[in-house]
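# Structure at a glance
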Amino acid sequence: MTVPTAVTAAPSQVELERRIYRRQRGRRAVLASVVSTVVVLAVVYFGVVNTPGWAAVQQSFFDPGTAVSTFPDILLGLWLNIRILFFAAIGVAVFGTLLAVVRGLRNPVFFPLRMLATGYTDLFRGLPLIIVLYLVGYGIPGLGIFPRLPAEVWGTVAIILTYSSYIAEVLRAGMEAVHPSQRLAARSLGLSHAQTLRLVVMPQAIRKVTPALMNDFVSMQKDVGLVSILGAVDAVRSAQIAQAETYNFTPYFVAGLLFVVISLPLIRVTDAIARRQQRREQIGGTV
């Protein structure tokens, strides 16, 4: 016995014309984008290079020879920034999540913990990171209760303390955005409060605020360069040393480009997640 195969209907003439029109419109859009981009870049380039002081600025900030000679040392310093970023991201994710969970506790017994978490987030969200770096990097070692530690360790601690408050507030907003019926349904199924939080609330909360969380981590990638004020020889500090030796600001430009390079992958991932979430919301899917 043979099973009949499904016959796919051929597209109509109208549909074929629509496809041709969409392809033509797409090609025209791409061509217009390329032309407009080239025109804007050309206008900016010729506008800058024809300014009276461009020759001096190019020699001071964009000297190819200085960039090539200082690149290895700056790249070596960037490896320290990457290590600090790795450990800081883990610490911020763990500590920020704990703060968000504590702030979400509703039992009156946990009121002191909620007040401490609220005070902590209010304090460190208001303090500039550079102030926290000075307080942690120079104040805590001055107490004499800790052994001598490298400057990058205290810089990592300062970054964790500051960015945990940002991440905690973003996560708390995501947790509060989860509909109460989700919690009630989970509790009616016999899940405890901790299980409801771990299995039901947190996955939905993280999904809702993923773009905001990733933007905070992109900001942290840039602020990792501030650990240089404590004496850590990272990319920024290496650029500062090279600038003092060459009397040229090109090393700072090289360090900035390297920070952009390590930030671009996460920026692109953030944009892709935001676009996917927007498409899901527009078609009525669950978010």
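Provided above is the structure to which this section pertains.
Residues numbered from 1 in each chain as written. Predicted model: local features only at pLDDT ≥ 70, side-chain atom pairs only at ≥ 80, totals over all residues. Heavy atoms only, no water.

## Notes on the packing of helix 3 (residues 64-103) against helix 6 (residues 151-177)
Axis separation between helix 3 and helix 6 bottoms out at 6 Å; the angle between their running directions is 40°. When the interaxial angle is binned, helix 3 and helix 6 end up oblique. Between helix 3 and helix 6 lies a crossing of right-handed hand. (Axes fitted to C-alpha atoms, helices over the stretch in contact; angles between N-to-C directions. Helix = DSSP H or I, 4+ residues; strand = E, 2+ residues; numbered from the N terminus. Parallel < 35°, antiparallel > 145°, perpendicular 65-115°, else oblique. Left-handed = near helix turned anticlockwise from the far one by under 90°.)

## Some remarks on the packing of aromatic side chains
This structure, assessed with the given rule, holds twelve aromatic pairs. Here the aromatic rings of F86 and F87 are separated by 5.2 Å at their centres, their planes lie at 80°, and the arrangement is edge-to-face. You'll find F86 and F87 in the same group, each marked exposed. Seen from their ring centres, Y134 and Y138 are 5.9 Å apart, and the 20° between their planes marks the pair as stacked. Taken as a pair, Y134 and Y138 lie in helix 5 (residues 129-142) at a separation of four residues, close to a single helical turn. Judged by its relative accessible area of 46%, Y138 falls in the partly exposed class. Counting every residue linked through ring pairs, the aromatic cluster contains W54, F61, F62, F249, Y252 and F253. (Phe/Tyr/Trp six-rings, centres within 6.5 Å; stacked < 30°, edge-to-face > 60°. Buried < 20%, exposed > 50% of the residue type's maximum accessible area, 1.4 Å probe, protein only.)

## Quick word on the side chain of E169
In this structure, E169 sits in helix 6. The class of E169 is buried, set by a relative accessible area of 13%. There is a polar contact of 3.5 Å between the side chain of E169 and the side chain of R125. Once residues within four sequence positions are removed from consideration, E169 is found in contact with R103, T121 and R125. (Polar contact = N/O pair within 3.5 Å; in protein donor to acceptor, adjacent residues only side chain to side chain. Contact = heavy atoms within 4.5 Å.)

## Observations regarding the pattern of salt bridges
Evaluation of the coordinates by the stated rule reveals four salt bridges. Where R172 meets E169, a salt bridge forms, and the shortest distance between an N and an O atom there is 3.0 Å. Linking R172 with E169, this pair stays in helix 6, spanning three residues, or about one helical turn. One exposure class covers both R172 and E169, and it is buried. Connected through salt bridges with shared partners, the residues R103, R125, E169, R172 and E176 form a single ionic network. (Salt bridge = Lys/Arg side-chain N within 4 Å of Asp/Glu carboxyl O.)

## Some remarks on empty space enclosed by the protein
Scanning the entire structure with this criterion turns up one cavity of 30 Å³ or more. Looking at the largest cavity, its volume works out to about 40 Å³. V101, G104, L105, M175, R183, H193 and L197 are the residues that line the largest cavity. Residues of the lining of the largest cavity, tallied by class, amount to four nonpolar, two polar and one charged. (1 Å grid on protein atoms, 1.4 Å probe; cavity = no way out; pocket = protein on both sides within 12 Å on 5 of 7 lines; lining within 4 Å. Points joined across faces, edges and corners; volume = space filled by probe spheres on them. Nonpolar A, V, L, I, M, F, W, Y, C, P; charged D, E, K, R; others polar.)

## Some thoughts on the nonpolar core
I159, L171, M175 and M220 are the most contacted members of the largest nonpolar core, which totals 36 residues. Elements represented by at least two residues in this core include exactly helix 3, helix 4 (111-126), helix 5, helix 6 and helix 8 (193-223). Considering every element that reaches this core, the biggest residue donor is helix 6, with ten residues. Each residue touching I159, except ones within four places of it in the same chain, is listed here: I84, A88, V92, L129, S164, M220, D223, V224 and V227. Core analysis: the second largest hydrophobic core is formed by nine residues, A239, V254, L258 and F259 among them. (Core = buried A, V, L, I, M, F, W, Y, C linked by side-chain atoms within 4.5 Å.)

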